[in-house]
Amino acid sequence: MNNNLSEDEDLARAIALSLRESQAVPKPPPPQQVDYITISDDEDERHNIHPPAAAPASVPITMPFLSERAKMEKERLARQKRLRPDLDTEPDGRRTDQANPAAYSSVASTSTASALRQTANMHADPARDSRPTFRLTDILAPRDEIAFAIISSYCINWPWMYSFFNPRTPVIVVAHDTQGHETIKEVLPNWVKTTPFLRNGMGCMHMKLFYKSRRLRVVVSTANLVEIDWRDIENSAWVQDVPARPAPVAHDPKAADFAAAMIHVLRSVNVAPALLSFLRNDHPDLPMQRLEDLRTHWDFSKVKAMLVPSIAGKHEGWPKVILAGHTALMKAVRDLGARAEKGQELVLECQGSSIGTYSTQWVNEFYCSARGESADTWLDTTKARRAKLPYPSVKILFPTLQTVRNSALGEPGGGTMFCRRNQWAAAKFPRELFHQSKSKRGPVLMHSKMIVATFRGSSKSISVDSETEDSDAEEPGAAPLKGWVYVGSHNFTPSAWGNLSGTAFNPTLNISNYELGIVLPLRSAADADRMACWERPPRKYDLSKDEPWIQTESPAFVGLS
């Protein structure tokens, strides 16, 4: 973000907030809105405008917290009034003229409830924003019932996030070390920051996990833990509540379900040592004593989503390759029963906030996994033949320059969208695959990452009118799936999904980023329209006049690098 405060100062604010708190539950501190919204590009971290700083081992409490806080809030409201004179808001960005209060209701508190929703956005058109949405306060409620939390984000506003929790609640924060080192340190009272090894200090992490008392709440979101992602930019969040088992079951090291995948992710991002640090010091009675408890103590049988992680690093051999990246997506599609039949065309609509460096080899490699086809068929094809393959049925959704200009915040609000001129102008870049990315909710820019995969020419079926993917189990004799939808932190880039090499006998997958997402089934075309966050069908770029939004060429961002 374009913020004059260092992370040292952010942490000092968070500690000051903690020290001033009494038993009363405070409201979150007001957003520190800035004129230019910037978050780094996950395709190539060397192009960061403002890379995140590492949290210091100790933090001096010297900030004049309350006076600066009031001043910033006054300035924020003035800017907001200038941008949207027609809209009255509360200090936390809530509309006072919201026509549908039910749209912001919390997720149901039943033990197996799940929901996929967009995040609330103060710039959405009220007439087009009628579906239920999530606020961070919805997800983290009730605050004082949270016994323990594991959260993760590439960008985090420490004082803002700290205020959502009771100061006595132990929290593990999975973050990013600028040097790529594996570290563990206490950064706030009852908060431990852990970072995994990250090759070359590059990549990004967007995983968000929240652990709640009496039940486990799993959250997979596209949003960073900063105000703009929960107020100004549109994001998506999938929330699933998991009940505790009546009695623990034995650990199964061969398990390959949702819980087993989550344990693998937590171990990979260095959570185990942070958990042990809590247990050996001030919090010996945490609900989770070891990572394996996630599966032995909680019942994931009602979770119908498939978890798809990316783990940064080099993965060799089939047992490891299918646990991460686009080959993990292949396995998820198969497990879901959504594998494309031989000769059946699969159409992908890939929406995100960052554009990759594409080649026909990589797009076909990804497409093979998206169809649910084993990668050995791809690896058995010679490299020369792969290079000659045409691009498959893939639509890449990214906002045009005009779309950004017409958005509620204009060009200054485009700091989370990334395409580079050298990418777009490259001789073999697939410009013909690009389609318009426009939110269904009005003039807001989307930081969501979704892939909608549909079988072309398939017959229609009756849609299940529910926001939860698992509220209605598939009945015997139900119509075949019409496709699937992915939601999570992966942009449609090789850095996020990985590059496959090697042989069919011994494959290798190289991944730059840590990412997390889920895959849900589509039972009809109506399901696809309902779950997609963009206007469908997306309009293809008119290459005679349409240009992608390129942040570095905007006057709003000149001189910020």
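Residues numbered from 1 in each chain as written. Predicted model: local features only at pLDDT ≥ 70, side-chain atom pairs only at ≥ 80, totals over all residues. Heavy atoms only, no water.

Caption draft 1: Region of the structure containing the packing of aromatic side chains. Going through the model one piece at a time under the given rule, you end up with 21 aromatic pairs. Considering the side-chain rings of tryptophan 424 and phenylalanine 434, the 5.1 Å spacing of their centres and the 85° angle between planes classify their relative orientation as edge-to-face. Linking tryptophan 424 in helix 14 (residues 421-424) with phenylalanine 434 in strand 13 (residues 434-435), this pair joins segments that are ten residues apart in sequence. Summarising the aromatic geometry, the rings of tyrosine 486 and tryptophan 497 are spaced 5.2 Å apart at their centres and angled 65° between planes, so their arrangement reads as edge-to-face. Of this pair, tyrosine 486 sits in strand 15 (residues 483-488) while tryptophan 497 sits in helix 15 (residues 494-497), placing them eleven residues apart in sequence. Of the two residues, tyrosine 486 and tryptophan 497, both sit in the buried class. Among the aromatic residues, ring-to-ring pairing joins Tyr358, Trp362, Phe366, Trp424, Phe429, Phe434, Tyr486, Phe492, Trp497 and Tyr541 into one connected group. Between arginine 117 and the ring centre of phenylalanine 134, over which it is positioned, the NZ or CZ distance is 4.5 Å. (Phe/Tyr/Trp six-rings, centres within 6.5 Å; stacked < 30°, edge-to-face > 60°. Helix = DSSP H or I, 4+ residues; strand = E, 2+ residues; numbered from the N terminus. Buried < 20%, exposed > 50% of the residue type's maximum accessible area, 1.4 Å probe, protein only. Lys NZ or Arg CZ within 6 Å of the ring centre and 35° of its normal.)

Caption draft 2: Local environment of the sheet that holds strand 1 (residues 114-119). Strand order in the open sheet formed by four strands is 2-1-8-7, with mixed pairing between adjacent strands. Each edge of the sheet is formed by a strand with only one pairing partner; in this case those strands are strand 2 (133-134) and strand 7 (215-221). Across two bridges, the pairing between strand 1 and strand 2 is parallel. Within strand 2, the position partnered with threonine 119 by the bridge is phenylalanine 134. (Pairing = 2+ DSSP bridges.)

Caption draft 3: Representation of the nonpolar core within the structure. Counting residues in hydrophobic clusters, the biggest one holds 62 residues, and the most contacted among them are Trp238, Phe258, Phe300 and Ile518. With seven residues, helix 5 (residues 258-268) is the largest single contributor of residues to this core. Counting residues in each nonpolar core, the second largest holds 44 residues, with Leu336, Ile355, Trp484 and Tyr486 among its members. (Core = buried A, V, L, I, M, F, W, Y, C linked by side-chain atoms within 4.5 Å.)

Caption draft 4: Here's a closer look at the packing of helix 9 (residues 325-336) against helix 10 (residues 360-370). Where helix 9 contacts helix 10, the axes come no closer than 7 Å and their chain directions differ by 25°. Taken together, the axes of helix 9 and helix 10 lie roughly parallel to each other. Listed contacts from helix 10 to His326, Thr327, Leu329, Met330 and Val333 of helix 9 are Glu365, Phe366, Ser369 and Ala370. Among the residues making up the contact of helix 9 with helix 10, the classes are represented as five nonpolar, three polar and one charged. (Axes fitted to C-alpha atoms, helices over the stretch in contact; angles between N-to-C directions. Parallel < 35°, antiparallel > 145°, perpendicular 65-115°, else oblique. Contact = heavy atoms within 4.5 Å. Nonpolar A, V, L, I, M, F, W, Y, C, P; charged D, E, K, R; others polar.)

Caption draft 5: Examining the pairing of strand 7 more closely. Of all seven residues in strand 7, seven are buried, a share of seventy percent or more. Both faces of strand 7 are covered, namely the face carrying Arg215, Arg217, Val219 and Ser221 and the face carrying Leu216, Val218 and Val220. In this structure, strand 7 lies alongside strand 8 (residues 236-243), joined through seven bridges in antiparallel fashion. When the sheet's bridge partners are listed, valine 220 is paired in strand 8 with tryptophan 238.

Caption draft 6: Spotlight on the sheet that holds strand 15. Ordered by their spatial adjacency, seven strands build an open sheet running 9-18-15-14-11-12-13, and the pairing between neighbours is mixed. The open sheet has two edge strands with one neighbour each: strand 9 (306-310) and strand 13. Helix 5 contacts strand 9 and strand 18 (515-522) of the sheet and is inclined by roughly 20° relative to strand 9. Set on the sheet, helix 9 makes contact with strand 9, strand 15 and strand 18; between it and strand 9 the angle comes to about 175°.

Caption draft 7: Summary view of unusual backbone geometry. A cis amide bond links alanine 141 to the next residue, proline 142, at an omega of -10°. Within the secondary structure, proline 142 is located in the loop between helix 3 (136-139) and strand 3 (149-152). Look at the link from arginine 536 to proline 537: it is a cis peptide, with omega at -5°. In this structure, proline 537 sits in the segment after helix 16 (525-531). Its identity as a non-glycine residue notwithstanding, asparagine 190 has a phi of 70°, on the positive side. Within the element layout of this structure, asparagine 190 appears in the loop between strand 5 (183-188) and strand 6 (191-195). Of note, asparagine 270 is a non-glycine position whose phi angle comes to about 75°, a positive value.

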